[in-house]
Amino acid sequence: MTQNLPLAVANLEDIEGVLALQELYLVSNLSEEEKKFGFVTTPFTIEQLTEVINQGGLFLAKDGDRIIAYIFAAGWDFFSQWPIFSYMITLFPDLNFSNFDINTTNSFQYGPICIDKKYRGQGLINKLFEFMRIHMLKKYPLSLTFINKTNIPSTKAHTEKLQWTIISDFEFNNNNYYILAYDMKEPVR
């Protein structure tokens, strides 16, 4: 079902569809039961979406005209407007992954990713991630992200399906997170 869905780098006409999908899975909009199936924590505004789209950092899957999945991917200059990302940057000197000297010029922040629940478990995460990886590898050899430890579906999807490596963890605003890394030269298996 998901094999033939078109993938695209977002443009400004996609903002409304991205906001609609974000609204469905934003952690603050979900019940405790719904959170067990995964969620996104960062709400993006129209201005922030415009900025990341203009940087070429928003990747989409569509079913007809409807956006059914997205991945954000941008440099730390974009993401540092949120305190959690600024805090993550302070952890870089203590992080180790492969042979990388982790810094803000050789890495980017991947995520959030959001896939409509009707399309999960069908390989779309691999296809959309590979599409994003090919585009972002032109600028960065390394990707980092964080996942709330309570978001077990996301942790499993990233470590088991996409082969991300958990390299550390941290606490921020009374929440516990994993830090994960991915060598962008490695195609998705």
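Just so you know, the residues in each chain are numbered from 1, in the order the chain's sequence is written. It should be noted that, the model being predicted, local features are given only for residues of pLDDT at least 70 and side-chain atom pairs only at 80 or more, the latter also being counted only at that level, while totals for whole chains, interfaces and linings use all residues. Side-chain descriptors were evaluated using all non-hydrogen atoms of the structure, hydrogens and water having been removed beforehand.

K.L.:
So what exactly am I meant to see when it comes to the pairing of strand E6 (residues 165–172) here?
P.N.:
If a strand is regular, its side chains alternate between the two faces of the sheet. Two strands are counted as paired when DSSP detects at least two bridges linking them. By definition, any uninterrupted DSSP run of H or I lasting at least four residues is a helix, any uninterrupted run of E lasting at least two residues is a strand, and each is numbered from the N terminus. Note: E6 against strand E7 (residues 175–183), seven bridges, orientation antiparallel. The residue bridging Phe172 from the neighbouring strand is Asn175, located in E7. Between E6 and E7, which pair antiparallel one after the other, the connecting turn spans two residues, and Asn173 there sits at a positive phi close to 50°.

K.L.:
Could you clarify how one ought to interpret the packing of aromatic side chains in this entry?
P.N.:
In this description, a pair of aromatic rings is defined by centroid distance and the angle of the planes. Between 30 and 60 degrees the pair is tilted, below 30 it is stacked and above 60 it is edge-to-face, where a pair is any two Phe, Tyr or Trp rings, Trp via its six-membered ring, whose centres lie within 6.5 Å. All chains considered together, the criterion is met by 23 aromatic pairs. Between Trp76 and Phe92, the ring centres sit 5.1 Å apart and the planes meet at 75°, which makes this aromatic pair edge-to-face. One end of the pair, Trp76, is in helix H4 (residues 76–79); the other, Phe92, is in the loop between helix H5 (83–91) and strand E4 (107–115), and 16 residues separate them in sequence. When sorted by exposure, Trp76 lands in the same class as Phe92, which is buried. Ring centres of Phe78 and Trp82 lie 5.6 Å apart, and the angle between their planes is 70°; on these two criteria the pair is classed as edge-to-face. Take Phe78 and Trp82: they sit in the same class, and that class is buried. An aromatic cluster of three or more residues is present, and its members are Phe44, Tyr70, Phe72, Phe78, Phe79, Trp82, Phe85, Tyr87, Phe146, Phe170, Phe172 and Tyr177. Note on exposure labels: buried denotes an accessible area under 20% of the residue type's maximum, exposed denotes more than 50%, and partly exposed covers the range between, all computed with a 1.4 Å probe on protein chains only.

K.L.:
What's the story with H5 in this structure? I'm lost.
P.N.:
A turn of α-helix holds 3.6 residues, and therefore any two residues three or four places apart point the same way. Those residues of H5 not exposed but buried are Ile84, Phe85, Met88 and Leu91. Around the axis of H5, the buried residues are gathered within 100° of arc, so they sit on the same side. Counted as exposed and oriented over 90 degrees from the buried face of H5: Pro83 and Thr90. Any two residues whose heavy atoms approach within 4.5 Å at even a single point are treated as in contact. At its buried positions, H5 is contacted by H4, E4, strand E5 (142–148), E6 and E7. What the arc describes is the spread of directions from the helix axis to the C-beta atoms.

K.L.:
Whenever I open this one, unusual backbone geometry confuses me. Can you help?
P.N.:
For residues that are not glycine, phi is negative in most cases, and the peptide bond is trans in most cases. That bond from Gly111 to Pro112 is cis: its omega, 10°, falls within 30 degrees of zero. As for its placement among the helices and strands, Pro112 is situated in strand E4. Phi at Asn174 takes a positive value of approximately 65°, unusual for a residue other than glycine.

K.L.:
Is there a simple way to think about the side chain of Arg133 in this case?
P.N.:
By the secondary structure assignment, Arg133 is in helix H6 (residues 124–136). Arg133 sits in the buried class, given a relative accessible area of 7%. In protein, a polar contact requires one atom able to donate a hydrogen and another able to accept it; more generally it is a pair of N or O atoms within 3.5 Å, and residues adjacent in sequence count only if both atoms are side-chain atoms. A polar contact of 2.8 Å, which involves the side chain of Arg133, links it to the side chain of Glu130. Apart from the residues lying within four places of it in its own chain, the contact partners of Arg133 are Tyr182, Met184, Lys185, Glu186, Pro187 and Val188.

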